[in-house]
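# An overview of the molecular structure
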Amino acid sequence: MRIAICDDEKKYRDMGLMLCKKYFNNKKIPVEFISFSSGESVLAYTEKIDLILLDIEMKGIDGLEVKEILRKQNKNSSIIYITNHEELIKPAFGKNVYGFLTKPFHEDELYRILDVICKDRINQKLIQIDSNTWVKKSEIKYIKAEDKYCRFYTIDMEYLIRCRIRDMEDLLQGNDFHRIHRSYIINFKYVKKIAQKIMMDDNTVLPYSRNKKEQIINSYNAYLIDNAW
């Protein structure tokens, strides 16, 4: 899990970092922390950020603009806004915004919001694919085995993780995912068409084992029936 604190005032970056470290250490959840002093630096960062404590009022690109740009880029970071002015709270509401902290904020206020986020992560059925990386099962499009590694293709990122595809097959048990080939697991949610090969919704074409064709089609049809409503 990766958490960013973005504020143009160092004292609030330090406060956010200290309180978040305390919270997640107590929960025994491994977290990587990063700090930014501007909206531009957040947007320039290329790795996935799971949660951002984000100041609304900053010079240059402010927190409201950061949220909108991340949304347009299909980056689904959870956001906790930090502000000096309560009148800015209403326009800051939106997708992935979990709450607001008014400066100077306190431990109990932050922890109430973090409790909601952690509960939501469990309900969204996140899986941990390495010590610092959690992804939503529903956002994994497919997985490709590459020697001793697996490459995870999600809706907005790629991850290359040292693991066995057999272990991922066990971890992703359920009718959404299917091992179509010794090197591939797919999420039926993102399948566009099954013919001589499998076409995903982004037009990526994947091979499947011929001796598994009937099984794959039957499993896909069962998935479509289960998700028809």
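Every chain is numbered on its own, with residues counted from 1 as its sequence reads. With pLDDT at 70 or above as the cut-off, local features in this predicted model cover only qualifying residues; side-chain atom pairs require 80 or more to be listed or tallied, and sums for whole chains, interfaces and linings still use all residues. Side-chain descriptors were evaluated using all non-hydrogen atoms of the structure, hydrogens and water having been removed beforehand.

Let us now look at the overall build of the protein. Numbering goes from the N terminus for both helices and strands, where a helix is a DSSP run of H or I of at least four residues and a strand is a run of E of at least two. The helix and strand inventory of the protein stands at seven helices and 15 strands. Think of it in three bands: with a 1.4 Å probe and only protein chains considered, a residue is buried below 20% of the maximum accessible area for its type, exposed above 50%, and partly exposed in between. A total of 229 residues make up the protein; the buried ones form 46% of that total. Taking the contacts inside the protein whose residues are at least 6 apart along the sequence as the reference set, 52% of them involve residues at least 24 apart. Exposure was quantified through the Shrake-Rupley algorithm and a 1.4 Å probe, taking into account, for residues, occlusion by the shown protein chains and nothing else. Accessible surface, the protein: about 12,500 Å² in total, of which carbon and sulfur atoms supply 49%. In what follows, a contact means two residues having at least one pair of non-hydrogen atoms within 4.5 Å.

Between any two strands, pairing holds if DSSP finds at least two bridges. Taken in spatial order, the five strands line up as β10-β9-β8-β12-β11 in an open sheet, and their pairing is antiparallel. The open sheet is flanked by β10 (158-162) and β11 (177-181), the only strands paired with a single partner. Neighbour-to-neighbour, the strand axes of the sheet open up by a mean angle of 20 degrees, direction not taken into account. Judged from the six bridges that link them, strand β8 (residues 140-146) and strand β9 (residues 149-154) form a sheet pairing that is antiparallel. In the sheet register, E146 faces β9, and the bridge partner there is Y149. Helix axes use the C-alpha atoms of the stretch in contact, all axes being lines fitted to C-alpha atoms, and the angles between their N-to-C directions lie in the range 0 to 180 degrees.

If you walk across this open sheet you meet the three strands as β13-β14-β15, and the pairing is antiparallel. Edge positions in the sheet fall to β13 (191-194) and β15 (205-206), since each has one partner strand and no second. Of the pairings in the sheet, the one linking strand β14 (residues 198-200) to β15 comprises two bridges and is antiparallel in character. Counted as the bridge partner of M199 is V205 from β15.

Moving on, we get to the nonpolar core. Counting residues in hydrophobic clusters, the biggest one holds 21 residues, and the most contacted among them are I3, F24, L53, I80, L110 and L114. Leave out the neighbours within four places in its chain, and L114 touches C20, Y23, F24, L51 and I80. Definition of nonpolar core: a set of buried residues of the types Ala, Val, Leu, Ile, Met, Phe, Trp, Tyr and Cys, connected through side-chain atoms within 4.5 Å.

The element β8 is extensively covered by neighbouring structure, given that five of its seven residues are classed as buried. Connecting β8 to the antiparallel partner β9 that follows it, the hairpin turn spans two residues, and D147 within it adopts a positive phi of roughly 60 degrees.

Moving on, we get to the state of the cysteines. Put simply, a disulfide is two cysteine sulfurs that come within 2.5 Å. In the structure shown here, the tally under the stated rule is zero disulfides. C118 carries a free sulfur, and the closest cysteine sulfur to it, the one in C20, is 9.9 Å from it. The class of C118 is buried, set by a relative accessible area of 14%.

Here the focus is unusual backbone geometry. The step from K103 to P104 runs through a cis peptide bond, and the omega angle for that step is -10 degrees. Note on placement: P104 falls in the loop between β5 (97-102) and α5 (107-123). The phi dihedral of D147 falls on the positive side, at around 60 degrees, and the residue is not glycine. Within the secondary structure layout, D147 lies in the loop between β8 and β9. The exposure class of D147 is exposed, given its relative accessible area of 76%.

Next up on the list: empty space enclosed by the protein. Here a cavity denotes grid points, spaced 1 Å and computed from the protein atoms alone, that fit a 1.4 Å probe unable to get out, and a pocket denotes an open set having protein on both sides within 12 Å along at least 5 of 7 lines; residues with an atom within 4 Å of a point are the lining. Grid points are joined across faces, edges and corners, and a volume is the space filled by probe spheres set on the points. Applying the stated rule across the entire model yields one cavity of 30 Å³ or more. Of the volumes computed, that of the largest cavity is approximately 120 Å³. E47, I49, L70, K75 and S77 are the residues nearest the centre of the largest cavity, which is lined by 14 residues in total. Any residue outside Ala, Val, Leu, Ile, Met, Phe, Trp, Tyr, Cys, Pro, Asp, Glu, Lys and Arg is labelled polar, Gly included; the first ten of those are nonpolar and the last four are charged. When grouped by side-chain class, the residues that make up the lining of the largest cavity number seven nonpolar, three polar and four charged.

Relative to β14, β13 runs antiparallel, the two being bridged by three bridges. From the neighbouring strand, K193 faces β14, where its bridge partner is M199.

Of note, R179 is situated in strand β11. Using a relative accessible area of 18% as the deciding quantity, one classes R179 as buried. Polar contacts here mean pairs of N or O atoms no more than 3.5 Å apart (in protein, one a potential hydrogen donor and the other a potential acceptor; neighbouring residues in sequence count only if both atoms are side-chain atoms). Looking at R179, its side chain comes within polar contact range of the main-chain oxygen of R182, at 2.9 Å. Apart from residues lying up to four places away in sequence, R179 is in contact with I165, R166, E169, Y184, I185 and K212.

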